[in-house]
Structure formats: structure tokens, C-alpha cells
Amino acid sequence: MITGEPKNKVDKLWEMFWTGGLTNPLDVIEQITYLMFIRDLDQTDNTRQKEVSMLGIPYTSMFAGKEHLKWTVLRDKPAESMYQTMQAEVFPFIKELNGNSGTYAKYMADAIFKVPTPQLLEKIVTALDEMYALIDKLPDKRDARGDLYEYMLSKLSTAGTNGQFRTPRHIIRMMVELLDLKPIDIICDPACGTSGFLVAAGEYLKEHYLNEIFYNKEAKTHYDSTMFTGYDMDRTMLRIGAMNMMTHGISNPQIVYKDSLSDQNNDTGIYTKILTNPPFKGSLDYDIVSNDLIKVTKTKKTELLFLALFLRMLRNGGRCASIVPDGVLFGSSTAHKAIRKEIVENHRLEAIISMPSGVFKPYAGVSTAVIIFTKMGGGTDKVWFYDMQSDGYSLDDKRTPIEQSDILDIVARFHALDQEEGRARTEQSFLVPKDEIVSNDYDLSINKYKQSAYVEEEYLHPLEIMTEINELEMEITAGLAELEEMLHG
């Protein structure tokens, strides 16, 4: 989390775009991301040149013959000249890199330069240089860079057109902690957006397995390249997601353009963990949905098809934590019941965490839950339910931080399920046997099983209340009389 001067630098940069006429938050993030990439290209080229020169190996710079496109040259040009070069030469140059200078270059094919004026570009370039200079002074440059980028993403306050919501980072962190990740995991988010789940997974692993990953060449290579996979159909999100991963130190993530629910995606039995918040809204035509998903649940609803997809993509023993709309848990259609029955009967459903409806505000007030299950040949015995009342923020559009939060309690209780035996259904969490869920037609709504705790309240008799009111009226009358007497002198 960033505070103080770094935060002010980002706010100032954001304000420049806003007052300069670029007001769509996605456009702002995208333009900043392009410029960060262009700046990084210069640094990367210089670093490679120094490394090979120490080894005495010949090196051909990616800027050979085009040194005037380097950031360090551009920033010293007059505003008008810098703008013309950026528009006419730098953007065509980065479009043609096609992955030749790092993973991120492959996302540049359709890069569009949208900064409206030379004066604004000059201000942005100066602000970015100041921001990087500040980062260089911080003790952990890599974490600071990731935190700054994540703070920029927090300014995305509008939902996407396909039901894309930026998942609150503390909810993502809770889900990551619930799945208990390991350095050997292969982690996927089939609807990755800004890569928030993958970044949080990487940060969790750094915190808990620093030595096992960063002092082991094989584990580090896995962490940098094969551990994290993200799919999305929005190229803007892919660019932002890939940059988010790289600013957090994951150098070669598999962030790929792919329609996860279609035949484009044939991943089967690959991943050990899936962490995701797939788009809820949307109804697809049968002919664009992979046939093997329809065999599990014949539906056009994306939220049900994604659950079938997770089961296919996971290895045996792999686990999934996904956000689902409440309707998935109690919907009465054949498709709703079929996917719930598939998870309960043929795999191991572990937990349903019901979340308050304000968690996704200001984007939407939809009621959601987190579902956790393991892909395996049956095994559902008892399902753990938790009724989250607070996530640490107010549930209105402002989402102001508050003291009360159930998240630590959720993580603690989930990792000690043996102590959940015997909890009453009136408590915030409890276990429900599989047989009871089956007898309720696989209904997984917490309200189906939670019992209300009635507390007897004693109220005054109406005559006693009338007496109190009369006494108050007499006091008011006496007070008014006293006031009137004072006014008459």
C-alpha cells in the first residue's frame, strides 16, 4: 500500500490526464502503461548492453539506427518534437516488436497513442520520470513499483461492458489465503482482467516461500514463466494485466487472449489452483460454447458454464476458489441444479462464504458468495458455510474503511474446520452434512440452513408509556410558562 509522496505523484499524474481531456480511466491506465513500457525498453536495452559487454559478446541494440526513439533522448526534446516523434515513430516501432523485446511487447500490436497535446505529453513524461526517481530511492523498488501500479488500477471506477468488475483486493487476498498456495502450484484465472488474483497469488508465495522460490533456480523459473496463466478477451485488460504482473516482478507470465468458454480453450487437467471472479452477466449462444461444457450443464449462462470449465481445467486434486452470484447457489433451473449436483456428488465441495451485497459497490449491489471446491472423485462430506457481515468497508457507494471485518475470522475458521463441529446454525459459521444438502435439491444458499436466533425483548406496558409521555408534556408546558414569564419581565 502506498501513502505520502508516491501516492501524491500518482494522483497528480492522474489529474494531468483528467484536466488534459482524457477522462476515461481505462484510457488513462492504458496510456500510462504504454509510456511505462517505452521507458522500460530503454532501461532494458542498456542493461543488456552492459551485461553482454562484460562477457565480451557482440550485442545489437533493439534501437540500432533508431537511437532517437529512446526515452532518454525523447524526454530532452521540445514538446512539439517529442509529440511528433512519439506519434509518428515510437508507437509504430513498439507495434513491430512482436515479442522480440520481452513478454509485454506481444500486447502492443494494436497500441494507439491518445495523449491529445504536446504540452500534456511533456508534463506526463516529466511526472513519470519523477515517479521513477522516487521509486529508486525506496528500499524495495520492485514492491514499490507494483504498489504504484496497483494504486493506479484502484482508480478504475467503472465496470466493463460485459459485467467485468474489479474485485476488491482484500477479497482477493482472502481467497488466496483460503487456498493455501504452494511453490509447485500451477495457477490460472480464466477471466483475469487486470490480473489481480494472479498478482495476489504471487505476493502470497513471496511472503511465505521466499527462500524456496528465489534461491532455487528451477522454482524461480517456474515462478517467472509457467506458474501463472491468465485469459481474457479484452485486449486492453490483457495489456494492463500483463504490466501488472511484470511490475510485481513476474517476468514472463502467460497472459493470453483467449475466449475461455469456447473451443479456443482446450485446457484439461492442467492447473492445481484456480482463483477467479468470472463475468456474471451474459448469455452465450450454444454454438460458441465448448461442447464438453454444455454436456455438464446445458445452459447459456456464463456463471454456470465457468463452473463446468473450472472442473475441466483443474487437475485431479486441484482446488478452485471462485466468486459466484447468489443465483448460482439456489437457482431452480435444470442447469443450475445440474452443476451444483456435479460439484457435490462428483467432487468435494468445501465451503460457501456468503458475502454482503455491498462488496462490489460502487460497480453493483449484486449479492455474491465465494465457492471453494476440490476436483476429485467424490468426497463431499460436510460443507462449511460462513455468513460474512462485514468486509472491513461500509457497504454503501463510498466504501469507507471501518474497524469491523470478518475476513481474518473466515480464514482462521476455514483452516481449523475440525473446531467447527458442533457449532449451532445460529452462529456465523457452521457445517452442513451432504445428505441434508441433497435432500434440499442441492440448494447451497446459506439462508436455507442458517437459523435465526430469537432474543426475547421486554417492553413497557402502553399505560406506563402514556404516563411517561404525560410527564414529559407537563415538563414542557411548565418550561414554556417559565420562559413566557421571563419575557414579560
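Residues numbered from 1 in each chain as written. Predicted model: local features only at pLDDT ≥ 70, side-chain atom pairs only at ≥ 80, totals over all residues. Heavy atoms only, no water.

This part takes up a nonpolar patch on the surface. A contiguous nonpolar surface patch, about 580 Å² in accessible area, is contributed by Ile-476, Leu-480, Leu-483, Met-486 and Leu-487. Relative to the assigned elements, Met-486 resides in helix H18 (residues 462-487). Classification of Met-486 as exposed rests on a relative accessible area of 61%. (Patch = residues over 30% accessible without salt bridge, like charges linked within 9 Å, V, L, I, M, F, W, Y side chains within 5 Å. Areas by Shrake-Rupley, 256 points an atom, 1.4 Å probe, with all protein chains shown as cover. Salt bridge = Lys/Arg side-chain N within 4 Å of Asp/Glu carboxyl O. Helix = DSSP H or I, 4+ residues; strand = E, 2+ residues; numbered from the N terminus. Buried < 20%, exposed > 50% of the residue type's maximum accessible area, 1.4 Å probe, protein only.)

Turning our eyes to something else, we now look at the environment of Met-174. One can find Met-174 in helix H7 (residues 169-179). With 26 residues separating them along the chain, Met-174 and Ala-200 place their C-alpha atoms 9.7 Å apart. Not counting residues within four places of it along the chain, the set of residues in contact with Met-174 comprises Val-370, Met-388, Ile-407, Ile-410 and Val-411. (Contact = heavy atoms within 4.5 Å.)

All right, on to the pattern of salt bridges then. Enumeration over the complete set of coordinates arrives at 24 salt bridges. Measuring nitrogen to oxygen at the nearest pair gives 3.2 Å for the salt bridge that ties Glu-203 to Lys-206. Taken together, the positions of Glu-203 and Lys-206, both in helix H8 (residues 196-208) and three residues apart, correspond to about one turn of that helix. Pair check on accessibility: Glu-203 and Lys-206 agree, each one buried. When salt bridges with common partners are traced through the structure, they connect Arg-39, Arg-75 and Asp-129 into a single cluster.

All right, on to a negative patch on the surface then. Taken together, the side chains of Glu-464, Glu-468, Glu-471 and Glu-475 present a region of like negative charge at the surface. If you trace the backbone, Glu-464 turns up in helix H18. (Lys, Arg positive; Asp, Glu negative; His and termini not counted. Charge placed at Lys NZ, Arg CZ, Asp CG, Glu CD.)

On to helix H10 (residues 217-226). A turn of α-helix holds 3.6 residues, and therefore any two residues three or four places apart point the same way. Within the span of H10, buried status applies to Ala-219, His-222, Tyr-223, Asp-224 and Ser-225. Taken together, the buried residues of H10 touch H8, helix H9 (210-214), strand S2 (228-232) and strand S3 (254-257). At the N-terminal boundary of H10, the capping side chain belongs to Asn-216, with an oxygen 3.0 Å from the backbone nitrogen of Glu-218. (Polar contact = N/O pair within 3.5 Å; in protein donor to acceptor, adjacent residues only side chain to side chain.)

Counted residue by residue, strand S11 (residues 429-433) has four buried out of five residues, so it is predominantly covered. Where strand S8 (residues 382-387) and S11 come together, five bridges link them in antiparallel fashion. By the bridge assignment, Trp-384 is partnered in S11 with Leu-431. (Pairing = 2+ DSSP bridges.)

Taken in spatial order, the nine strands make up an open sheet running S3-S2-S1-S4-S5-S7-S6-S8-S11, and their pairing is mixed. The sheet is open, and its two borders are formed by S3 and S11, each paired with just one other strand. Neighbour to neighbour, the strand axes of the sheet diverge by 15° on average, direction disregarded. Sheet analysis places strand S6 (residues 348-355) next to strand S7 (residues 368-374), joined by seven bridges and oriented antiparallel. By the bridge assignment for S7, Arg-348 is matched with Thr-374. Across the sheet, helix H16 (residues 407-414) lies against strand S5 (314-325), S6, S7, S8 and S11, angled at about 165° from S8, the strand it touches most. (Axes fitted to C-alpha atoms, helices over the stretch in contact; angles between N-to-C directions.)

Direction vectors running N to C along helix H2 (residues 25-55) and helix H4 (residues 79-95) enclose 75°, while the axes themselves pass 11 Å from each other. Judged on the interaxial angle alone, H4 and H2 are roughly perpendicular. Touching Tyr-34, Leu-35, Phe-37, Ile-38 and Leu-41 of H2 are Met-86, Val-90, Phe-91, Phe-93 and Ile-94, all from H4. Looking at side-chain class alone, the contact of H2 with H4 contains 10 nonpolar, no polar and no charged residues. (Parallel < 35°, antiparallel > 145°, perpendicular 65-115°, else oblique. Nonpolar A, V, L, I, M, F, W, Y, C, P; charged D, E, K, R; others polar.)

As a further point, take the packing of aromatic side chains. Inspection of the entire model under this criterion finds 11 aromatic pairs. Measuring from ring centre to ring centre gives 5.4 Å for Phe-63 and Phe-93, while their planes differ by 35°; the resulting arrangement is tilted. With Phe-63 in the loop between H2 and helix H3 (71-74) and Phe-93 in helix H4, this residue pair connects regions lying 30 residues apart in the sequence. Exposure class is identical for Phe-63 and Phe-93. Each is buried. Grouped by ring-pair contacts, the aromatic residues Tyr-34, Tyr-83, Phe-91 and Phe-113 constitute a single cluster. Positioned above the aromatic ring of Tyr-132, the side-chain terminus of Arg-39 is 4.0 Å from the ring centre. (Phe/Tyr/Trp six-rings, centres within 6.5 Å; stacked < 30°, edge-to-face > 60°. Lys NZ or Arg CZ within 6 Å of the ring centre and 35° of its normal.)

Counting through the fold element by element, Asn-265 comes out in the loop between S3 and strand S4 (271-276). Overall, the relative accessible area of 1% leaves Asn-265 in the buried class. Separated by 3.1 Å, the side chain of Asn-265 and the backbone nitrogen of Asp-267 make a polar contact. Among all residues touching Asn-265, those that are not within four sequence positions of it are Tyr-231, Lys-258, Asp-259, Ser-260, Leu-309, Arg-312 and Met-313.

Our next topic: unusual backbone geometry. The backbone of Arg-399 sits at a positive phi, close to 50°, despite the residue not being glycine. Examined against the element boundaries, Arg-399 turns out to sit in the loop between strand S9 (391-393) and strand S10 (401-405). For Arg-399, a relative accessible area of 12% puts it in the buried group. Phi is positive for Tyr-442, close to 65°, though the residue is something other than glycine. Positionally, Tyr-442 belongs in the loop between helix H17 (434-439) and H18.

If you look at the biggest cluster of nonpolar residues, it comprises 50 residues, and the most contacted ones within it are Leu-13, Ile-32, Met-86, Ile-94, Leu-121 and Leu-128. Those elements that place two or more of their residues in this core are helix H1 (4-19), H2, H3, H4, helix H5 (118-137), helix H6 (141-153) and helix H11 (235-247). When neighbours within four sequence positions are excluded, Ile-94 is seen to be in contact with Phe-37, Ile-38, Leu-41, Met-108 and Ala-111. Among the nonpolar cores identified, the runner-up in size contains 47 residues, and Phe-280, Met-355, Trp-384 and Ile-410 belong to it. (Core = buried A, V, L, I, M, F, W, Y, C linked by side-chain atoms within 4.5 Å.)

By themselves, these figures tell us nothing about what the structure is for.
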